[in-house]
Structures are given as structure tokens and as C-alpha cells.
Amino acid sequence: MDGRWVEVGDGVLARRYAELDLTVGLVLGAERALVVDTRGDARQGAELARAVRAVTPLPLTVAITHAHFDHCFGTAAFLPCPVYAHPDCRSAIVATAGAQRAHWAAHYRAHGDDGTADAITGTEPPRPDRAGPARLDLGGRTAELIHPGRGHTDHDLVVHVDDVVFAGDLVEQGAPPSVGPDSVPAEWPATLDALLALAPRLVVPGHGDPVDAAFVAEQRDRLARP
């Protein structure tokens, strides 16, 4: 499985994958580390956990940006540890995990990737056990878990650390933002305004390369067009 770390700040890393153009995150403090999203199945989560352990031996905490499979189905590889998400994220995982498994397993089988289809079918995603928004003391730095509003889902959570924001799928680079049946497009531009109010130097999207605030503003403007 592919994967490479990109340093986006001092002790702040994004990990990029060709699969779904996914981007996850890792924030290092002096006493603990924060993993932002966990990939799409138990096998992928285990790969990410190994990659994290190659960087740091620190105790881990996980933050989930939203309930879509590619961001949260790999969580079991990090347990036992605290897993933070918006309260509605937990409910969405409970309500939709079965349908997501069936849909994406069929998708991967149709594309000849039986290994990923089998891995998704065999994955039962753990439920987050801690509620955000929250402020996490990682030792020498604080990570803020913020619900800036509704957009890609009704439970989007972003991670703000120093001058970097991990935005989940509120922001995408390389493709237009994904508007699905659980999205709230009418509120999405205002949610991006709230994200921009954090004055980020860099924004790490859920898919694609890190971007600057101007990119996010342009994406906001496109979403606001009728």
C-alpha cells in the first residue's frame, strides 16, 4: 500500500495516499500524539498505525472528521485509545456502516479489487467514545477539535493546531467538494467562513494536497454559486 508523510508544520504531518487521493494527519506533542482519521478498513488502518509507530512511540489519541468509511473504518488498529468525534458522527457510523460496507465492497469488486472489497466487508468500525468539540493538551501544544458548522455532513469536525487546519472533506483539492445525500450545501459556504476565521496558513483537505486560505476561499465561492 502506498503512503508518504508530508511535513506541514513543526511536528504536524499529513499522510498522502493515491487510493481515493486520501489525506490523514498526525500531530506530535511532547506527551502524546493525535491521529486525524484512520483510513477505510481494518487492513488500511493497520498500515497507518504502523506508519505512525515508525514516527513516534507516544500514547495516541484519534480524532475522526466525519463518518464516511474512508476516514473512520480503520480505527480499530489504534485501540485502546480515546477516539474523538462530533456526537452525531457516532450516530452516523451506527446508522450507515452496513450500507457503506455493502456499497463500497461492490464498488471495489466491480473495479477488480477483491482484496479491498473483502477488507471492507470484514471491518466493523469502532464507535468514537469521546465527544468533540474539545481542546486536547498533547504536551506543549494544544489541538482544538472544532465543529465549524454543517457542510459535507451535519457533523464535520476540523482539527486546528498552530496555523494548520485538518479540514476533512469540507475541503478537497484535485476534485470538487463531494456533495452527498448527507451534505448540507446551503450552509457549507458559511462553514468555510468559520474555518477561514481560524486564520490558517495551511489547510489539509480530506482528499488532495495541502492548500492555502485563498484556495479555500475560492472553493467557498464556488459552493455559494446558485
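See the structure printed just above.
Residues numbered from 1 in each chain as written. Predicted model: local features only at pLDDT ≥ 70, side-chain atom pairs only at ≥ 80, totals over all residues. Heavy atoms only, no water.

1. Some thoughts on the overall build of the protein chain
- Regarding its fold elements, the protein chain presents 6 helices and 12 strands.
- A globule of 226 residues ought to have a C-alpha radius of gyration of about 17 Å, and the protein chain, at 16 Å, matches this closely.
- With respect to the principal axes defined by its C-alpha atoms, the protein chain has extents near 45 × 40 × 30 Å.
- Sorting the 226 residues of the protein chain into buried and exposed places 55% on the buried side.
- Sequence separation of 24 or more characterises 64% of the internal contacts of the protein chain that already satisfy a separation of 6 or more.
- When the accessible surface of the protein chain is split by element, carbon and sulfur atoms take 54% of a total near 9200 Å².
- Placing the 20 positive and 31 negative side-chain charges of the protein chain at their respective mean positions leaves the two points 3 Å apart. (Helix = DSSP H or I, 4+ residues; strand = E, 2+ residues; numbered from the N terminus. Rg over C-alpha atoms; globule rule 2.2 N^0.38 Å. Buried < 20%, exposed > 50% of the residue type's maximum accessible area, 1.4 Å probe, protein only. Contact = heavy atoms within 4.5 Å. Areas by Shrake-Rupley, 256 points an atom, 1.4 Å probe, with all protein chains shown as cover. Lys, Arg positive; Asp, Glu negative; His and termini not counted. Charge placed at Lys NZ, Arg CZ, Asp CG, Glu CD.)

2. Some remarks on helix 6 (residues 213-224)
- Over its 12 residues, helix 6 runs 16 Å from end to end, which matches the ideal 16 Å to within 8%, given 1.5 Å per residue.
- Within helix 6 the residues assigned to the buried category are Val216, Ala217, Gln219, Arg220 and Leu223. Angularly, the buried residues of helix 6 cover 160° about the axis, an arc narrow enough to put them on a single face.
- On the buried face of helix 6, the contacting elements are strand 11 (164-172), helix 5 (188-196) and strand 12 (202-207). (Expected span 1.5 Å × (residues − 1). Arc of directions from axis to C-beta.)

3. What about the packing of helix 5 against helix 6?
- Contact pair helix 5 / helix 6: the axes reach a minimum separation of 8 Å and the direction vectors enclose 165°. Viewed along their axes, helix 5 and helix 6 adopt a mutual orientation that is roughly antiparallel. Here helix 5 runs over helix 6; the crossing is left-handed. Here Trp188, Pro189, Leu192, Asp193, Leu195 and Leu196 of helix 5 come into contact with helix 6, specifically with Ala213, Val216, Ala217, Gln219, Arg220, Leu223 and Ala224.
- For the contact of helix 5 with helix 6, a count of residues per class yields 10 nonpolar, 1 polar and 2 charged. (Axes fitted to C-alpha atoms, helices over the stretch in contact; angles between N-to-C directions. Parallel < 35°, antiparallel > 145°, perpendicular 65-115°, else oblique. Left-handed = near helix turned anticlockwise from the far one by under 90°. Nonpolar A, V, L, I, M, F, W, Y, C, P; charged D, E, K, R; others polar.)

4. Structural notes on the sheet that holds strand 8 (residues 134-137)
- Strand order in the open sheet formed by 5 strands is 8-9-10-11-12, and the pairing between neighbours is mixed. The open sheet terminates on both sides in strands that have one partner only, identified here as strand 8 and strand 12. Neighbour-to-neighbour, the strand axes of the sheet open up by a mean angle of 25°, direction not taken into account.
- The sheet contact formed by strand 8 and strand 9 (residues 142-146) spans 4 bridges and is antiparallel. Paired with Arg135 across the bridge in strand 9 is Glu144. (Pairing = 2+ DSSP bridges.)

Such coordinate-based values are descriptive only and should not be taken to indicate function.
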